[in-house]
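A structural walkthrough
Residue strings, one per chain:
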Amino acid sequence: MSEHRLGDVIDDYCIKCKRLTNHQIVSVLEAQPAKVRCRTCYNDHDYRFEVVPPTKKELKKQAELEAAMAKAAQDASGEQPPA
Ligand SMILES: [Zn+2]
């Protein structure tokens, strides 16, 4: 367990740089970083716990998977002959 303090430099995902960059802690809440500032573009944002959001490619893949599953469910329920 490492305690985070103001001014510490940690990794986090920067939405402006669109990648993990060094961030300086600018706000601490209950020993956890609350707000951080990107050391590359100096953008302040909430600490994201180093979570990288899915890329557009991953979102597209996910949407295609959901569409395929919805279609499969529709096909399965559509096999009954009309009354
Ligand atoms: Zn940045």
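Anyway, here's the lowdown on the structure attached to this text. Along each chain, residue indices are assigned from 1 in the same order as the chain's sequence is written. Local features in this predicted model are restricted to residues of pLDDT 70 or higher, and side-chain atom pairs are both shown and tallied only at a pLDDT of 80 or more, whereas totals for entire chains, interfaces and linings draw on every residue. Only hydrogens and water are set aside; all other atoms, that is, all heavy atoms of the structure, feed into the side-chain values.

Right, let's talk about the sheet that holds strand S4 (residues 44-46) for a bit. When DSSP finds two or more bridges between two strands, those strands count as paired. Counting from the N terminus, the helices are the DSSP runs of H or I reaching at least four residues and the strands are the DSSP runs of E reaching at least two. On the basis of which strands lie adjacent, the open sheet formed by four strands has the order S1-S2-S3-S4 and antiparallel pairing. Both edges of this open sheet fall to strand S1 (9-14) and S4, since each of them pairs with a single strand only. Neighbour-to-neighbour, the strand axes of the sheet open up by a mean angle of 50°, direction not taken into account. Of the strand pairs in this sheet, S1 and strand S2 (residues 19-29) are connected by six bridges, and their pairing is antiparallel. Inter-axis angles, ranging from 0 to 180 degrees, are taken between N-to-C directions of lines fitted to C-alpha atoms, where helices are fitted over the stretch in contact.

A word on the coordination of the zinc ion. The coordination sphere of the zinc ion contains the protein donors Cys14 (SG), Cys17 (SG), Cys38 (SG) and Cys41 (SG), at a distance range of 2.3 to 2.4 Å. Metal sites are built from N, O and S donor atoms within 2.8 Å, or 3.2 Å for Na, K and Ca, and they leave out water, so they may look incomplete. Tetrahedral means four donors with every angle between 85 and 135 degrees, whereas square planar (four donors) and octahedral (six donors) require angles over 155 degrees between opposite donors and between 65 and 115 for all others; sites fitting neither are termed irregular. The site at the zinc ion holds four donor atoms, and with the angles between them running 105 to 115°, its shape is tetrahedral. Each donor residue of the zinc ion lies on the same chain, and together they follow the pattern C-x2-C-x20-C-x2-C. The exposure class assigned to Cys38 is buried, which follows from its relative accessible area of 0%. Accessibility here uses a 1.4 Å probe with only protein chains present; expressed as a share of the type maximum, an area under 20% marks a residue as buried, one over 50% as exposed, and anything in between as partly exposed. Classification of Cys41 by relative accessible area gives partly exposed; the value is 31%.

Once that is clear, we can look at the pairing of strand S3 (residues 32-38). As judged from the six bridges shared by S2 and S3, these two strands associate in the antiparallel manner. The residue of S3 that forms the bridge with His23 is Cys38. Between the antiparallel neighbours S2 and S3 lie two residues, among them Glu30 with a positive phi of about 50°. In the sheet, S3 pairs with S4 via three bridges, with the strands oriented antiparallel. Looking at the pairing, Val36 lines up with His45 of S4.

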